Amino acid sequence: MNTNKRKAFRTIADVLHFPIAEFAALRRKTAQKTDRVMRSSKLEDSIYAELREDDRELDLTENAAAQKLNSFPALSRDVFQSLYSLAPRKNDADILTAAAQKFNVPILDHVVQQDDYPTLKNICEGRSLPAYEAAAEFTGRAAEELDGLLSELGGDKGALNTLEKLETARDAAAEELAELLDAQATGETTETDKQALINAANRLNSKQRQVEAVSQMLDTTMLRQTETVDLAVSAAVQVATKRAQEVQSIIGAWSDEPMNMCRTPENLALLEKVRQSTVLKDISKYLGRFREIFAQAKKNSYAYGRGETYSLELGNNLSLALTSELAMLATPETIPLFLRKYQQKQIKQYRRREPVYKGMGDIICCLDESGSTEGETAAWGKAVAMTLLEIAAESRRNFALIHFAGSSSCQVDIFRPGEYTLEDKLTAAETFLGGGTNFERPIREAIHLMESEGFEKADVVFITDGECELSDGCQQELQVSQAVYHFTVTGILLDKGRAGMGFSLEPFCQKIYRTSELTGDGIMQSVISLRV
């Protein structure tokens, strides 16, 4: 009797007049469950599969985590999809497994709520390699915190897996009841069949109540622990963002195709090489941005006639106006707009640059590598040198990097168009001499390049953070050579915090930049614009 009191259904009529029958039919039609929260196309699946190939470390991470939570391996794929896709979309909740609903969905929701997420998304959207690296980094950190996250989101140990097992049992009970109801509808049933139907309805009802109870417990736990979970996810998103920025920085700085953020053998080899060198990683932080400035400067320049270079400006000189601006005079409707722009000097027009040889010959960069420049200062200087190398390569000019420090410390790396490799660039960038500061040795090396190595109308860029007096003999030699070889000198003084630092090459310079007066980016914008 006591057992019967606990049963919700005692007769066929009870079953048929209760929503349990309809519920069984609905559960019977439920699509196959998935741990994947985010939708993806076949192309995106193919891209991810290629990225994932031979990633033993992530395989080990996911396999270990899957022992604690069945849905964990799907997390890295969903994080990648969220970052890579231009329009991320979620699967319907009713096709998700219990673990995916109670763990993966909240984690992904926390991800997109983080302050770093817009930055991360901007780097990864449509760029498969940084998206994958960021997802792998996030997954690794989440795996390390999995026990804590399960405790916060999953309540009692094993509650998520318990819920999943209960849902599987519930769905099996629904299938059984639905089949018995189909048989009942034919009218060919025995008393034994009717009792089996009643028992199946009670089993389904019991399993559904258990599912609801565990699910409610998990929801309550989740609401109570939101802040704790958010902190853990925030830390994982931060390391993922750093990883994506690193990928973007390295490829943007050193790759021959800086916009190609795909998983190519060249990119993978480059990442491995640069990640092993703190020096190269530090240079990458600046070089990628300088290359962007250079690329933008090229877009803003135009060549006409016999190679004369123009850039754009605003004004009201009709002889220099762009054709697209003059086209407004063709229709009555746009004439008032043209006249207003003309009166306000807002007409887009070409600005011709002065026809001088400065900056258009071979480039020689003299880079101070004394001990005082070690670290960020050296990284910035190397980034400037590598940008000048790219400018030279763009116009098929020779380039030389003269590393200098004390009187006995000097190294010259010569780069002729088409005759050097990426490895040559990386080797030169990693070189650091250390020691004191002596200007005379690099000056004489630069003059030697003009005398014996075919460097013509040289554009000498001298980067230093120190002061060094030149002997009378060196000054005289420099003066004579400048008259003979028509080279120019641009000084970049790294004197931030020491404004007014003296520079013994000042009498020979056509232009001097000081970091005490301009930002690093400001200096590079000017240096680049005068050489494009």
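This text goes with the structure placed above it.
Residues numbered from 1 in each chain as written. Predicted model: local features only at pLDDT ≥ 70, side-chain atom pairs only at ≥ 80, totals over all residues. Heavy atoms only, no water.

### Focus on the packing of helix 4 (residues 42-52) against helix 9 (residues 128-144)
- Two elements in contact, helix 4 and helix 9, have axes separated by 11 Å at closest approach and are oriented at 65°. When the axes of helix 4 and helix 9 are compared, the crossing they make is right-handed. Residues Ile47, Tyr48, Leu51 and Arg52 of helix 4 touch helix 9, and the partners they reach there are Ser128, Leu129 and Tyr132.
- The residue makeup of the contact of helix 4 with helix 9, split by class, is 5 nonpolar, 1 polar and 1 charged. (Axes fitted to C-alpha atoms, helices over the stretch in contact; angles between N-to-C directions. Helix = DSSP H or I, 4+ residues; strand = E, 2+ residues; numbered from the N terminus. Left-handed = near helix turned anticlockwise from the far one by under 90°. Contact = heavy atoms within 4.5 Å. Nonpolar A, V, L, I, M, F, W, Y, C, P; charged D, E, K, R; others polar.)

### Here we look at the pairing of strand 5 (residues 399-404)
- Judged by how many residues are buried, strand 5 sits mostly within the fold: 6 of 6 residues are covered.
- Across the two faces of strand 5 the burial is the same, with Phe399, Leu401 and His403 and Ala400, Ile402 and Phe404 all buried.
- In this structure, strand 4 (residues 363-368) lies alongside strand 5, joined through 6 bridges in parallel fashion. Of the residues in strand 5, the one forming a bridge with cysteine 366 is isoleucine 402.
- In this region the chain leaves strand 4, passes through helix 18 (residues 376-394) and returns to the parallel neighbour strand 5; the handedness of that crossover is right-handed.
- Where strand 5 meets strand 6 (residues 410-415), 6 bridges bridge the pair, whose relative direction is antiparallel. Bridge pairing in strand 6 links alanine 400 to isoleucine 414.
- Linkage of strand 5 to strand 6, two consecutive antiparallel strands, is achieved through a turn of 5 residues. (Buried < 20%, exposed > 50% of the residue type's maximum accessible area, 1.4 Å probe, protein only. Pairing = 2+ DSSP bridges. Right-handed = clockwise from strand over helix to strand, strands pointing away.)

### Focus: the packing of helix 18 against helix 22 (residues 520-529)
- One way to put it is that helix 18 packs onto helix 22 with a least axis distance of 12 Å and a crossing angle of 20°. As summarised for this structure, helix 18 and helix 22 are arranged roughly parallel, according to the angle between their axes. Here the hand of the crossing between helix 18 and helix 22 comes out right-handed. Contacts between helix 18 and helix 22 involve Trp380, Val384, Thr387, Leu388 and Ile391 from the first element and Gly520, Ile523, Met524, Val527 and Ile528 from the second.
- When its residues are assigned to classes, the contact of helix 18 with helix 22 shows 8 nonpolar, 2 polar and no charged. (Parallel < 35°, antiparallel > 145°, perpendicular 65-115°, else oblique.)

### Details of the pattern of salt bridges
- As enumerated under the stated definition, the model contains 27 salt bridges in all.
- As a salt-bridge pair, glutamate 430 and lysine 273 come within 3.9 Å of each other at their nearest N and O atoms. Of this pair, glutamate 430 sits in helix 19 (residues 422-430) while lysine 273 is found in helix 14 (residues 265-275), placing the two residues 157 residues apart along the sequence.
- On the basis of relative accessibility, which here comes to 32%, the residue glutamate 430 falls in the partly exposed class.
- Of the residues examined, lysine 273 reaches a relative accessible area of 28% and is grouped as partly exposed.
- Arginine 416 is the partner of glutamate 453 in a salt bridge, and the nearest nitrogen-oxygen pair spans 2.9 Å. You can see glutamate 453 sitting in the loop between helix 20 (440-452) and strand 7 (459-464) and its partner arginine 416 sitting in the loop between strand 6 and helix 19, a full 37 residues away along the chain.
- Glutamate 453 sits in the partly exposed class, given a relative accessible area of 29%.
- Accessibility expressed as a relative area gives 21% for arginine 416, which makes it partly exposed.
- Ionic contacts of the salt-bridge type, sharing partners, join the residues Glu133, Glu137, Arg243, Glu246 and Arg275 into one network. (Salt bridge = Lys/Arg side-chain N within 4 Å of Asp/Glu carboxyl O.)

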